[in-house]
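Below, each chain spelled out in residue letters.
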Amino acid sequence: MSTNTLEMEKARPRFDDQLKGRVAIVTGAASGLGKAIAVALANEGVAVIVNDVDKENGVDVARSIAAAGGDAVFQFGDVSDVKDVKGLIRTAIDRYTRIDILVNNAGLQHIAPITEFTVEKWNHLIGVMLTGPFLTTKYAFPHMRAQRKGRIINMGSTQSLVSAEFKAAYVSAKHGLLGLTKVTALEGAPHNITAVAVCPCFVRTPLAEKQIAGQAKYHGMTEQEVVEKIMTAPAALKRLLEPEEVAALVVYLSTDVAQCMTGSAVPIDCGWTAR
Ligand SMILES: NC(=O)c1ccc[n+]([C@@H]2O[C@H](COP(=O)([O-])OP(=O)(O)OC[C@H]3O[C@@H](n4cnc5c(N)ncnc54)[C@H](O)[C@@H]3O)[C@@H](O)[C@H]2O)c1
């Protein structure tokens, strides 16, 4: 091989088979983005623990990955519950002996003005989308530290970076999650543990579809009009993301070449935050 070819070989990023044999936990993986991420990681040869509170659909996701030749197991668990999170981490260690990738994806939305936002709803959203990732990180961390390696990918949102009316708990949880990502990156670095927050704009999932249907009813518009005129109004590209587009980014962020993307937000937002 000539020196030139060698230099080119070194410069070429290698993703092929890099993730094969690694172990990932994906929370909220029975639906939408989590499901797409679980499938995309499994397609790269990653063994996936599919977590959700939705047992029926979660089991289906794990089964369909296995049917396609992948390795997946469903683990029921509410990410805001300490006992369930300990059980989730224990399942990963008992079955696979390690946790290489933790994707904190479970989430939900509730829309109401602050004065009408119930304390119960506030606590629920903060519990799932902020306390949940704190708990999974807290209990996965010792194992990642012992391995001297770990990757934590937090599912943020455009609303980790900018705000929106009537989404007090969601915006607060997602901004808080970016803060948790930064702290995790600093505390993790000496142990080769890295953390990043993916920040997508609207993705075509049940969570977004519910909002589109609600807005269409409220404004007397078609769902297409809602997407183009209301939901994507701040974005440069007037379309929803597909779950597979975000999942592909998560696969890339799981590879070693993305390791230095730590402590930061990675927007995938159709130009939403460019203004
Ligand atoms: N869809 C979007 O437009 C969009 C945009 C940016 C970020 N996100 C984020 O992506 C993530 C996934 O959202 P989605 O759009 O796929 O929604 P989704 O409703 O399709 O899926 C969310 C999943 O989380 C699960 N879940 C809810 N509470 C849970 C809990 N306590 N413990 C474990 N699992 C729980 C649900 O059962 C569901 O399967 C969320 O964190 C969301 O905030 C979504």
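Here the focus is unusual backbone geometry. For Thr97, which is not glycine, the phi torsion reads 70 degrees and is therefore positive. For Thr97, a relative accessible area of 62% translates into the label exposed. Of note in the backbone geometry, Arg148 takes a positive phi value of approximately 65 degrees without being a glycine. Mapping Arg148 onto the fold places it in the loop between helix H5 (119-147) and strand S5 (150-155). Taking relative accessible area as the criterion, Arg148 reaches 46% and is therefore assigned partly exposed.

Let's shift gears to the pattern of salt bridges. Overall, the coordinates contain seven salt bridges when judged by the stated rule. The salt bridge involving Asp256 is made with Lys149; its shortest N-O contact spans 3.0 Å. Of the two residues, Asp256 is situated in the loop between helix H9 (243-254) and strand S7 (264-268) and Lys149 in the loop between H5 and S5; the sequence distance between them amounts to 107 residues. When its relative accessible area of 34% is taken as the criterion, Asp256 is described as partly exposed. A relative accessible area of 29% places Lys149 in the partly exposed class. Put simply, Arg22, Lys149 and Asp256 are held in one network by salt bridges that share partners.

Let us look at the pairing of strand S1 (residues 23-26). Burial along S1 is two-sided: Val23 and Ile25 and Ala24 and Val26, pointing in opposite directions, are all buried. Across four bridges, S1 lies against strand S2 (residues 47-52) in parallel orientation. Residue Val26 lies in a different strand from S2, and its bridge partner there is Val50. Judged from the three bridges that link them, S1 and strand S4 (residues 101-104) form a sheet pairing that is parallel. Considered in S4, the bridge of Val26 is made with Val103.

Moving on, we get to the confidence of the model for the protein. Detail in the predicted coordinates should be disregarded across regions flagged by low pLDDT. In this model, the protein carries an average pLDDT of 95, and 95% of its residues clear a pLDDT of 70 or more. Put simply, helix H1 (residues 3-11) is where the protein has its lowest mean pLDDT, 66, and S4 is where it has its highest, 99.

A word on the domain arrangement of the protein. In terms of domain boundaries, the protein breaks down into domain 1 (20-201 + 243-255) and domain 2 (205-239). If you average the C-alpha positions of domain 1 and of domain 2, the two centres end up 26 Å apart. Counting residues at the interface gives ten residues for domain 1 and five residues for domain 2. Here domain 1 packs against domain 2, burying approximately 520 Å² in sum over the two surfaces, 59% of which is carbon and sulfur. Across the contact surface, domain 1 and domain 2 share one salt bridge. Between Glu245 and Arg239 there is a salt bridge whose closest N-O contact spans 2.7 Å.

Rules used in this analysis
Residues numbered from 1 in each chain as written. Predicted model: local features only at pLDDT ≥ 70, side-chain atom pairs only at ≥ 80, totals over all residues. Heavy atoms only, no water. Buried < 20%, exposed > 50% of the residue type's maximum accessible area, 1.4 Å probe, protein only. Helix = DSSP H or I, 4+ residues; strand = E, 2+ residues; numbered from the N terminus. Salt bridge = Lys/Arg side-chain N within 4 Å of Asp/Glu carboxyl O. Pairing = 2+ DSSP bridges. pLDDT = per-residue confidence, 0-100. Domains from an automatic or database assignment. Contact = heavy atoms within 4.5 Å. Buried area = accessible area lost by both parts, 1.4 Å probe.

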